[in-house]
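# Architecture at a glance
Listed here are the chains, written in short residue letters.
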Amino acid sequence: MGNYTKEQLASRITNLRKVENVISKYAFLTYYKRFDEAMQKFWCQSTAVPVLTTNDKKFSGYQSIYHYLVEQGEEDTRTGNEIMRKLFPEELGNKKDSEMWGAGTAMVHTITTPVIELAEDEKTAKGMFYSLGSCTEIDPEKGPKAYWVWEKYAIDFIREDDGWKIWHMIIMTDFKTPVGENWAKVNLAPTGSYYSAYTPSIT
């Protein structure tokens, strides 16, 4: 820890809290399926090129990330809602997508164990977080199906004129397992070029 003045220390503490709030607010917005708002508010656009990496995919540039997170996320929601209408016509048959929040897909990714390092110039920061996910996907024949999804997030943040933004995000999924199954035996998380999902075997 450097020899900071009281004013410098107050500024650093304030910025650390702001950085932590970015990823927490982002998690809340995506849970409520406000994908477009989450992207516009919390991904950098003006000062740097954002990058999103998962176990097996990499997206570079705002539009590429937008397509994956927003457009694909909204399409998954619409598809799930249509399946739910067919499976539960009396309860949901006449419901619009805007009226079906909570009845279909649900992706709860809590943010825990924050470890955040702020650069000396307070213009960038790095963070590591663990996410314990309880997620619901829609089976075309059976309807809602629950999964546990355990992930780590490694994030670079950058400060733009209107606040702190996500610059680089790596989502490392350790396992995705149906509730009630043993994740040491059933792990649907992909192993790809960027991160290997959990496996009990050594190869």
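Before reading on, note that the structure itself is shown above.
Let me begin by describing the structure that accompanies this report. Here the structure is a predicted model, which means the values were calculated and not measured.

## Points about the overall build of the protein chain
For the protein chain, the helix and strand inventory stands at 4 helices and 7 strands. Reading the protein chain from its N terminus to its C terminus gives the helix and strand order α-α-β-β-α-α-β-β-β-β-β. Split into buried and exposed, the 203 residues of the protein chain put 38% on the buried side. Taking the contacts inside the protein chain whose residues are at least 6 apart along the sequence as the reference set, 53% of them involve residues at least 24 apart. Of the accessible surface of the protein chain, which amounts to about 12,100 Å², a share of 53% is contributed by carbon and sulfur atoms.

## Some thoughts on the layout of surface pockets
A volume near 1,200 Å³ is recorded for the largest pocket. Looking at the largest pocket, it is lined by 41 residues, and the ones nearest its centre are Tyr 68, Asp 76, Met 107, His 109 and Glu 151. Going through the elements one at a time, helix 1 (6-31), helix 2 (35-42), helix 3 (62-87), strand 3 (106-109), strand 5 (124-139), strand 6 (143-160) and strand 7 (163-178) are the ones with two or more residues in the lining of the largest pocket. Sort the elements by how many residues they give to the lining of the largest pocket and helix 3 lands first, with 10 residues. Residue composition of the lining of the largest pocket, by class: 23 nonpolar, 11 polar and 7 charged. Within this model, the second largest pocket holds a volume of roughly 150 Å³. Looking at the second largest pocket, the residues that line it are Lys 18, Asn 21, Val 22, Lys 25, Lys 41, Phe 42, Asp 162, Gly 163, Trp 164 and Lys 165. Among the elements of the structure, helix 1, helix 2 and strand 7 are those that each provide at least two residues to the lining of the second largest pocket. Looking at the lining of the second largest pocket element by element, the count peaks at 4 residues for helix 1. For the lining of the second largest pocket, the class distribution of residues is 3 nonpolar, 2 polar and 5 charged.

## Brief notes about the pairing of strand 6
Where strand 5 lies against strand 6, 16 bridges are found, and the strand directions are antiparallel. Within the sheet, the bridge partner assigned to Glu 137 lies in strand 6 and is Lys 145. Pairing of strand 6 with strand 7 involves 14 bridges; the strand directions are antiparallel. Across the sheet, Ile 158 pairs through a bridge with Lys 165, a residue of strand 7. What sits between strand 6 and strand 7 in their antiparallel hairpin is a turn of 2 residues.

## Observations concerning a nonpolar patch on the surface
Where nonpolar side chains cluster on the molecular surface, the patch consists of Phe 28, Tyr 32 and Trp 101 and spans about 360 Å² of accessible area. Looking at the element boundaries, Tyr 32 is found in the loop between helix 1 and helix 2.

Rules used throughout
- Residues numbered from 1 in each chain as written.
- Predicted model: local features only at pLDDT ≥ 70, side-chain atom pairs only at ≥ 80, totals over all residues.
- Heavy atoms only, no water.
- Helix = DSSP H or I, 4+ residues; strand = E, 2+ residues; numbered from the N terminus.
- Buried < 20%, exposed > 50% of the residue type's maximum accessible area, 1.4 Å probe, protein only.
- Contact = heavy atoms within 4.5 Å.
- Areas by Shrake-Rupley, 256 points an atom, 1.4 Å probe, with all protein chains shown as cover.
- 1 Å grid on protein atoms, 1.4 Å probe; cavity = no way out; pocket = protein on both sides within 12 Å on 5 of 7 lines; lining within 4 Å.
- Points joined across faces, edges and corners; volume = space filled by probe spheres on them.
- Nonpolar A, V, L, I, M, F, W, Y, C, P; charged D, E, K, R; others polar.
- Pairing = 2+ DSSP bridges.
- Patch = residues over 30% accessible without salt bridge, like charges linked within 9 Å, V, L, I, M, F, W, Y side chains within 5 Å.
- Salt bridge = Lys/Arg side-chain N within 4 Å of Asp/Glu carboxyl O.

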